[in-house]
Amino acid sequence: MQMSISRRVVLLVTMAVLVLVVVGLAGFWGTHDLSATVRVINNETTPRAAAIDDIKSHAYLTRVNTLRHSLVIEEARKNAIDKEIEKSRALIAERMKTYEALLARSDDTDRTLFAEDAKLLDAYFKAMDKVLEFSRANDNSFVRDTIDGKLDPVAEKLGAALEAHQQHVRAAGAQTGQASEATAERSLAVSVLAIVVGALAIAAAGFVMRRGIVGGLAAVQGMVMRIENTLDFSLRVPVAAQDELGRMATALNSLLERLQTSLRTIAQSAANVEAA
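Residues numbered from 1 in each chain as written. Predicted model: local features only at pLDDT ≥ 70, side-chain atom pairs only at ≥ 80, totals over all residues. Heavy atoms only, no water.

Caption draft 1: Seen up close, the layout of surface pockets. Computed from the structure, the largest pocket encloses a volume of approximately 210 Å³. The wall of the largest pocket is formed by 16 residues, among which Gly 212, Gly 216, Ala 240, Ala 241 and Asp 243 lie closest to the centre. Elements with a minimum of two residues in the lining of the largest pocket: α4 (140-230) and α5 (244-275). In terms of residue count, the dominant contributor to the lining of the largest pocket is α4 (5 residues). Per-class residue counts for the lining of the largest pocket are 10 nonpolar, 4 polar and 2 charged. (1 Å grid on protein atoms, 1.4 Å probe; cavity = no way out; pocket = protein on both sides within 12 Å on 5 of 7 lines; lining within 4 Å. Points joined across faces, edges and corners; volume = space filled by probe spheres on them. Helix = DSSP H or I, 4+ residues; strand = E, 2+ residues; numbered from the N terminus. Nonpolar A, V, L, I, M, F, W, Y, C, P; charged D, E, K, R; others polar.)

Caption draft 2: Inspection of the side chain of Thr 62 at higher detail. When you line up the elements, Thr 62 lands in helix α1 (residues 5-71). Taking relative accessible area as the criterion, Thr 62 reaches 0% and is therefore assigned buried. Polar contacts involving the side chain of Thr 62 include one to the side chain of Tyr 124, which spans 3.0 Å. Leave out the neighbours within four places in its chain, and Thr 62 touches Ile 85, Ser 88, Arg 89, Tyr 124 and Met 128. (Buried < 20%, exposed > 50% of the residue type's maximum accessible area, 1.4 Å probe, protein only. Polar contact = N/O pair within 3.5 Å; in protein donor to acceptor, adjacent residues only side chain to side chain. Contact = heavy atoms within 4.5 Å.)

Caption draft 3: Layout of a nonpolar patch on the surface. Side chains of Val 9, Val 13, Val 17, Val 21 and Leu 25 sit close together on the surface and give an oily, nonpolar patch of about 400 Å² of accessible area. Within the fold, Leu 25 resides in helix α1. (Patch = residues over 30% accessible without salt bridge, like charges linked within 9 Å, V, L, I, M, F, W, Y side chains within 5 Å. Areas by Shrake-Rupley, 256 points an atom, 1.4 Å probe, with all protein chains shown as cover. Salt bridge = Lys/Arg side-chain N within 4 Å of Asp/Glu carboxyl O.)

Take a look at the structure:
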């Protein structure tokens, strides 16, 4: 490996930072998507479901009160029931406006179901008004005919339409929840994968770096001990890489070369002196 030890350390640290960045981005991505899903649930799905539930329950309540209206005779009691009916109708109108404001972000099926609800509610209230008109006049025969011929049929259709719409909204909410769970699972999978891959890469790089450093140090140590034991200054430390250890081995070899040269010179001078 021709990379210096310091660069290998920098590479190892960089890899660790990259792993942390990937894990952080995966967490941010998952959190962002979950936040968006929560906003959809809080601002769209829940208000839709609440509106449909209120419309359905108060439509049923107006039907019950209309039947009560037709059964009582006292004007005061009829007036009290009229107020209850008007209160329910006002709430239904309010919920319809609330739902209509959410249609911009709805699908085509939801818009179609809402249009059908609005059409049946209009027909239902017209039939109800006719029943109440006859009821206020205590004309029970026309009341019964209007209920059987107009109010009940449209009320049944309205109930079925609201039930279908309610099921659609609940299914959409469940689908949003499932999408949220899928997003969380993907985010977790990416985070785990990044951690595992990053840990393996860092471990592999650390192992290679450790082997290079330990191997280089062991070679220098072994050669120095061999020279110490044999006093053979012709031995040289192998230079395995052009890194800090390689430069240290080269410097040590240069020192051994100079030492060997000095010893040779000394030996030659001693021989000359002895010969003289």
